[in-house]
Amino acid sequence: MSSGRQRLFLNGVSVVLSGDAETFRGASIAWATKVERDHAMVSLPGHAAVTECIRNAAEFTINVLAAEQSHIARQYGGSSQTDPLEIQRGDLDFELWNIPVVKGARAQLLCKLRHAIVVREQLVVIAEIANFAFDDSRQPLVYFHDQYFAG
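Procedures and definitions
Residues numbered from 1 in each chain as written. Predicted model: local features only at pLDDT ≥ 70, side-chain atom pairs only at ≥ 80, totals over all residues. Heavy atoms only, no water. Core = buried A, V, L, I, M, F, W, Y, C linked by side-chain atoms within 4.5 Å. Buried < 20%, exposed > 50% of the residue type's maximum accessible area, 1.4 Å probe, protein only. Helix = DSSP H or I, 4+ residues; strand = E, 2+ residues; numbered from the N terminus. Contact = heavy atoms within 4.5 Å. Arc of directions from axis to C-beta. Salt bridge = Lys/Arg side-chain N within 4 Å of Asp/Glu carboxyl O.

*Asks:* Describe the nonpolar core, naming the residues involved and giving the relevant values.
*Replies:* If you look at the biggest cluster of nonpolar residues, it comprises 22 residues, and the most contacted ones within it are V16, V42, L44, F60, I62, L109 and V125. Of all the elements in the fold, those that place two or more residues in this core are β2 (24–29), β4 (39–45), α1 (49–57), β5 (59–64), β8 (107–119) and β9 (122–134). Counting residues per element, this core draws most heavily on β9, at 6 residues. Excluding residues within four positions of it along the chain, V42 makes contact with I29, W31, A32, F60, I62, L123, V124 and V125.

*Asks:* Break down α1 for me, with residues and values.
*Replies:* Every buried residue of α1 is listed here: V50, T51, C53 and I54. All buried residues of α1 lie within an arc of 160° about the axis, which places them on one face of the element. Buried positions along α1 lie against β1 (14–19), β2, β4, β5, β8 and β9. Phi turns positive, to about 65°, at A58, one or two residues after α1.

*Asks:* Give me the pattern of salt bridges: which residues, what numbers.
*Replies:* Oppositely charged side chains can form a pair if their charged atoms are brought close together. Applying the stated criterion across every chain yields a total of 5 salt bridges. Put simply, K112 and E59 hold a salt bridge, and the shortest N to O gap is 2.6 Å. A residue pair is termed long-range when its members are at least 10 positions apart, and K112 in strand β8 and E59 in strand β5 qualify at 53 residues. The salt bridge partner of E128 is R114, with a shortest N-O separation of 2.8 Å.

*Asks:* Describe the side chain of Q108, with residues and values.
*Replies:* Mapped onto the fold, Q108 is located in strand β8. By relative accessible area, which is 5% here, Q108 ends up buried.

Structure, rendered in structure tokens:
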């Protein structure tokens, strides 16, 4: 693992997680970007369980998935999402920051909610990046034309 804000970019498929080991929710997201030096912006489905969890907890993680983690993106994606407490627990770590992160992800960012803006069916969230870890030896997972592949 490496660290350093100057090298941090958000690319590829990400999963946003919020909650704790007892009650957590997640969603695959199509869009996340770094804003300024210490902030990230993500677009979340307005009515998703993870969005409500983020509003209540005011913190979440952005997990940039590695190329071999398309199964995680599928499990947290859209209407095919299954019960995350049953399926995802083995793919998650709850000890790094006491909030779920995806094990073996290319990058994990601990985010604190600062602003939320409703845009049609989406909630655009601006968050302060409180901490992060990344593994630049892993290729990012990319999604294009209904296919996942290594970036």
